[in-house]
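Listed below are the residues making up each chain.
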Amino acid sequence: MHTDNSSAPGDSFPPPADDVLDKLRDLSSPAYLQQDTAAIHIRAMALIGRLKSLYRAANTVTRLKKDETAEARQDMDQSHLNLQNLLYEKRHLEREIEKCRQFASDISLYSVEEYKLLAPEESRTKEILDDEHQLMLNRLNFELAERQRLDLKKRELIQQKEDLLKESKAKSSTMDNVKTQIELLMKTASEIQKKVDELIQPISSQTNGIPG
């Protein structure tokens, strides 16, 4: 049965070989039994040559189509890789944007009115205050400078606290030492007083026994 292998316009496929095969089959039919064998042989060889030519053309076109397919697949793979890279970059940017949003939401900026009162004069000129973007940048820089200043002040206060604690600890140690020395002196004085009393008591007894 003849199949329709007609190519779409612009395709480079060779014509179908079905017609050639049908003609070869016809040469073996009873209709050609009475014809000259040499003529049939020549016609058969011509058809076979034509069939071989079509076969070579088909192989060539198949090889070209395979090359085109491989090139198209390579382009498609490259496009897919580029798409994956873009999607990765997109996700990365989305994460960075979310981080920036979270960071911005955590910042308690001075209000514009506070900024106008506290910021250096050169950072709150009319041009800056009229430029919303520049104003936000200046407010962020001012906020950063203020936080750094407060952080430095905090570290200074912490250092002062530590110094006072060390001084207090040293004084406490000195007081404990003085207290120990006083207790030791009091104990020594008590012992001396006891010995003095022991010495004085016999003398007092003897004195009391002398007649007047």
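Residues numbered from 1 in each chain as written. Predicted model: local features only at pLDDT ≥ 70, side-chain atom pairs only at ≥ 80, totals over all residues. Heavy atoms only, no water.

### What about the overall build of the chain?
When its secondary structure is counted, the chain shows five helices and zero strands. The order of α-helices and β-strands along the chain, N terminus first, is α-α-α-α-α. For the chain, the proportion of its 212 residues judged to be buried stands at 9%. Across the chain, contacts joining residues at least 24 apart in sequence account for 56% of those joining residues at least 6 apart. With the model as given, the accessible surface of the chain reaches about 18100 Å², and the carbon-plus-sulfur share is 57%. (Helix = DSSP H or I, 4+ residues; strand = E, 2+ residues; numbered from the N terminus. Buried < 20%, exposed > 50% of the residue type's maximum accessible area, 1.4 Å probe, protein only. Contact = heavy atoms within 4.5 Å. Areas by Shrake-Rupley, 256 points an atom, 1.4 Å probe, with all protein chains shown as cover.)

### Digging into a negative patch on the surface
There is a patch of like negative charges on the surface, built from Asp-67, Glu-71, Asp-75 and Asp-77. If you trace the backbone, Asp-67 turns up in helix 2 (residues 37-106). (Patch = residues over 30% accessible without salt bridge, like charges linked within 9 Å, V, L, I, M, F, W, Y side chains within 5 Å. Salt bridge = Lys/Arg side-chain N within 4 Å of Asp/Glu carboxyl O. Lys, Arg positive; Asp, Glu negative; His and termini not counted. Charge placed at Lys NZ, Arg CZ, Asp CG, Glu CD.)

### Description of the nonpolar core
Judged by nonpolar contacts, Val-20, Leu-27, Ile-40, Ala-44, Leu-47 and Leu-54 together constitute the single largest core of six residues. For this core, the elements supplying multiple residues, two or more each, are helix 1 (18-27) and helix 2. Ranked by the residues each element gives to this core, the list is headed by helix 2, at four residues. In this structure, Tyr-115, Ala-119, Ile-128 and Phe-142 belong to the second largest nonpolar core, which totals five residues. (Core = buried A, V, L, I, M, F, W, Y, C linked by side-chain atoms within 4.5 Å.)

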